[in-house]
Amino acid sequence: MKILIADDSAVIRAQLSDILTTAGFQVSAAVDGIEAWNALRDGEFRLAVIDWVMPGMDGVDVCARLAKRNKGNSTYVIVLTSRNRPDEMAQAFELGASDYVTKPFSEVELLARVRAGKRIVEL
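Residues numbered from 1 in each chain as written. Predicted model: local features only at pLDDT ≥ 70, side-chain atom pairs only at ≥ 80, totals over all residues. Heavy atoms only, no water.

Draft legend 1. Region of the structure containing the packing of helix α1 (residues 10-22) against helix α5 (residues 107-122). Relative to each other, α1 and α5 sit at 60°, their axes nearing to 11 Å. Considering their axes alone, α1 and α5 lie oblique with respect to each other. Relative to α5, the crossing made by α1 is right-handed. Contacts between α1 and α5 involve L16, I19 and L20 from the first element and E107, L110, L111 and V114 from the second. Among the residues making up the contact of α1 with α5, the classes are represented as six nonpolar, no polar and one charged. (Axes fitted to C-alpha atoms, helices over the stretch in contact; angles between N-to-C directions. Helix = DSSP H or I, 4+ residues; strand = E, 2+ residues; numbered from the N terminus. Parallel < 35°, antiparallel > 145°, perpendicular 65-115°, else oblique. Left-handed = near helix turned anticlockwise from the far one by under 90°. Contact = heavy atoms within 4.5 Å. Nonpolar A, V, L, I, M, F, W, Y, C, P; charged D, E, K, R; others polar.)

In structure tokens form, the structure reads like this:
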């Protein structure tokens with residue numbers, strides 16, 4: 001399955017790419033929110049891991065645009081964030097995020113959430 005990762009940190013993108021490629025995913029990367037939106041808007045990716053805070057457009061704005069466009073959000077988006085307050089997480093979900101993983105992230109948790117998202121997308 002193809003998965004889009006979006007993070008403005010080259011280090012985080014490399015980590016995500018290594019983890020997900022090793023797990024058998026075909027990974028494409030975006031360096032900011034605008035590039036992520038451009039990659040996601042045509043529906044090529046059904047699964048994405050997107051950083052919340054990025055230049056141009058943040059990850060939650062990308063989720064909101066996807067939700068508005070899809071009217072049911074056919075893209076499963078996991079928001080990667082250092083934010084962990086309940087009100088912030090509720091905001092992300094309200095705007096269209098499917099799940100979230102907090103930074104610093106655990107490889108085991110990230111893979112579990114990505115695999116759960118894959119199962120949901122494939123239903």
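The discussion continues.
Draft legend 2. Main features of the nonpolar core. Counting 21 residues, the largest nonpolar core has L4, L40, I50 and V62 as its most contacted members. Those elements that place two or more of their residues in this core are β1 (2-6), α2 (33-40), β3 (47-51), α3 (59-70), β4 (76-81) and α4 (86-94). Looking at which element gives the most residues to this core, the answer is α3, with four residues. With sequence-adjacent residues up to four places away left out, V62 is seen in contact with G33, W37, L40, I50 and M57. Counting 18 residues, the second-largest nonpolar core is a separate cluster that includes L16, V49, L80 and F105. (Core = buried A, V, L, I, M, F, W, Y, C linked by side-chain atoms within 4.5 Å. Buried < 20%, exposed > 50% of the residue type's maximum accessible area, 1.4 Å probe, protein only.)

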